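Structural description and commentary
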Amino acid sequence: RAEQAGRNRYALYESSWEAPGTPHLRTESLLQEALRQDSFTLHFQPQFALATGHLTGAEVLLRLTLGDGTPLSPASFIPVAESTGQIIEIGEWVLRRACRQLRVWDALGLARIPFAVNVSAIELSQADLSTRLQFILEQEGVGMERLHLEITETAIARNEALAIANLKALRAAGFEIWIDDFGTGYSSLKSIKNYPASGLKLDREFVKDLSEDQAARVVAASILDLARNLGYPVVAEGIENAVQCALLRSQGCDIGQGFHLGHPVDALEFQRLYLSGGAN
Ligand code: C2E
Ligand code: MG
Ligand code: MG
Ligand code: MG
């Protein structure tokens, strides 16, 4: 089933593959309804400097809960939104909401952390992406340096010339660019050095077996070495236990994110758990 094939597989959702009344069409109308009724929500997952334990930022993750309380995973609805083009409107909604949340916390005098927002391949294939995003931030009164854009290697490789032009424009505008799910995509090691990136997010695939498997440790250490030699800081994703966390720290990984350090939570919970100390 296409839905189970995971993200970055929007090609499987070609409309000709689907008959009316299929899950794809149902998801499309659920997304339309969620946009109309403003019923998406955002969760925030903390990121910490592994050397000091300080909060360095939060990844913004989109959530959709159906009327009956069932959560719909972004891993299943984002690919549908990409294939229908709804991702453009959804991406804009996420960015505006994220900006408003930053302003709420700024107004309360809380730590001025940046947010990491996911940008899809479809958004990256629009020539006016940088102009559009700058316009939104200006309208919302938030500086570009507060938003880090997470973009997968696969999204960049899909239309490399346009993607790189977009990334350059975004960086020139002041956004940071982080390569998401690094190591699992289709980009060659040769092209990664040409990406106008601020840093890399080590995919959780490389973190998963760290505690049990010597080979996994060698692979992770090599990727961290490569990143260091290219001058990229690294955020490790999917840290689920203390052993993984300690290994990554000892291998010089800069920042960590994962259930062991903090689950994605709603804004109030994030504020209570991580920002309650006030400004720092
Ligand atoms: P991603 O950008 O790689 O986000 C990280 C995913 O890993 C999130 O899943 C997060 O909840 C999950 N995660 C975090 N820590 C752990 C851990 O320790 N263990 C495990 N097993 N998982 C962990 P989520 O929220 O379900 O999102 C899945 C994907 O959906 C994201 O992957 C991203 O590609 C996409 N996505 C989510 N929100 C947005 C959005 O606003 N826009 C776009 N374009 N894509 C989004
Ligand atoms: Mg991400
Ligand atoms: Mg990721
Ligand atoms: Mg990942």
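Residues numbered from 1 in each chain as written. Chains lettered and ligands numbered in written order. Predicted model: local features only at pLDDT ≥ 70, side-chain atom pairs only at ≥ 80, totals over all residues. Heavy atoms only, no water.

1. Re the overall build of the protein
Our working rule: Helix numbering and strand numbering both begin at the N terminus, where a helix is a DSSP run of H or I of at least 4 residues and a strand a DSSP run of E of at least 2. Based on C-alpha atoms, the radius of gyration is set beside the globule rule, defined as 2.2 Å times the residue count to the power 0.38. Under the scheme applied here, a residue whose accessible area is under 20% of the maximum for its type counts as buried, over 50% as exposed, and between as partly exposed, the area being computed with a 1.4 Å probe on protein chains only. We call two residues in contact whenever any of their non-hydrogen atoms come within 4.5 Å of each other. Shrake-Rupley sampling with a 1.4 Å probe provides the accessible areas, and residues are treated as covered by the protein chains on show and by no other component. A residue counts as positive if it is Lys or Arg and as negative if it is Asp or Glu; His and the chain ends are not included. Lysine's charge is taken at NZ, arginine's at CZ, aspartate's at CG and glutamate's at CD.
Regarding its fold elements, the protein presents twelve helices and nine strands. Scaling as 2.2 N^0.38, a compact globule of 280 residues should have a C-alpha radius of gyration of about 19 Å, and the protein matches this with 19 Å. The dimensions of the protein, computed from C-alpha atoms along their principal axes, are 55 × 45 × 40 Å. Expressed as a percentage of its 280 residues, the buried residues of the protein come to 48%. Within the protein, contacts between residues separated by at least 24 positions form 67% of all contacts whose residues are at least 6 apart in sequence. Entry remark: accessible area of the protein is about 13200 Å², with carbon and sulfur atoms responsible for 52%. Counting 25 positive and 34 negative side-chain charges, the protein places the averaged centre of each group 3 Å from the other.

2. Thoughts on the coordination of the magnesium ion (ligand 4)
What counts is decided by this rule: The rule for donors is simple: an N, O or S atom within 2.8 Å of the metal counts, and for Na, K and Ca the reach is 3.2 Å. Water is not among the atoms, so a site may look short of donors.
The coordination sphere of the magnesium ion (ligand 4) contains the protein donors Asp 181 (OD), Asp 203 (OD) and Glu 237 (OE), at a distance range of 2.3 to 2.5 Å. Linear spacing of the donor residues for the magnesium ion (ligand 4) on their chain is D-x21-D-x33-E. A distance of 3.2 Å spans the gap from the magnesium ion (ligand 4) to the magnesium ion (ligand 3), which Asp 181 bridges by coordinating each metal. Highlighted residues: Asp 181 in strand S6 (residues 176-182) and Glu 237 in the loop between strand S8 (234-236) and helix H11 (242-250), separated in sequence by 56 residues.

3. So, the coordination of the magnesium ion (ligand 3)
Around a metal, the idealised angle for a tetrahedral arrangement of four donor atoms is 109.5 degrees; for an octahedral arrangement of six donor atoms it is 90 or 180 degrees. Here the magnesium ion (ligand 3) is held by Asp 180 (OD), Asp 181 (OD) and Glu 237 (OE), and the distances to it run 1.6 to 2.5 Å. In terms of primary sequence, the donors binding the magnesium ion (ligand 3) are separated according to D-D-x55-E. Given the relative accessible area of 6%, Asp 180 is considered buried. The buried category is assigned to Glu 237, whose relative accessible area is 10%.

Taken by themselves, the reported measurements are silent on function.
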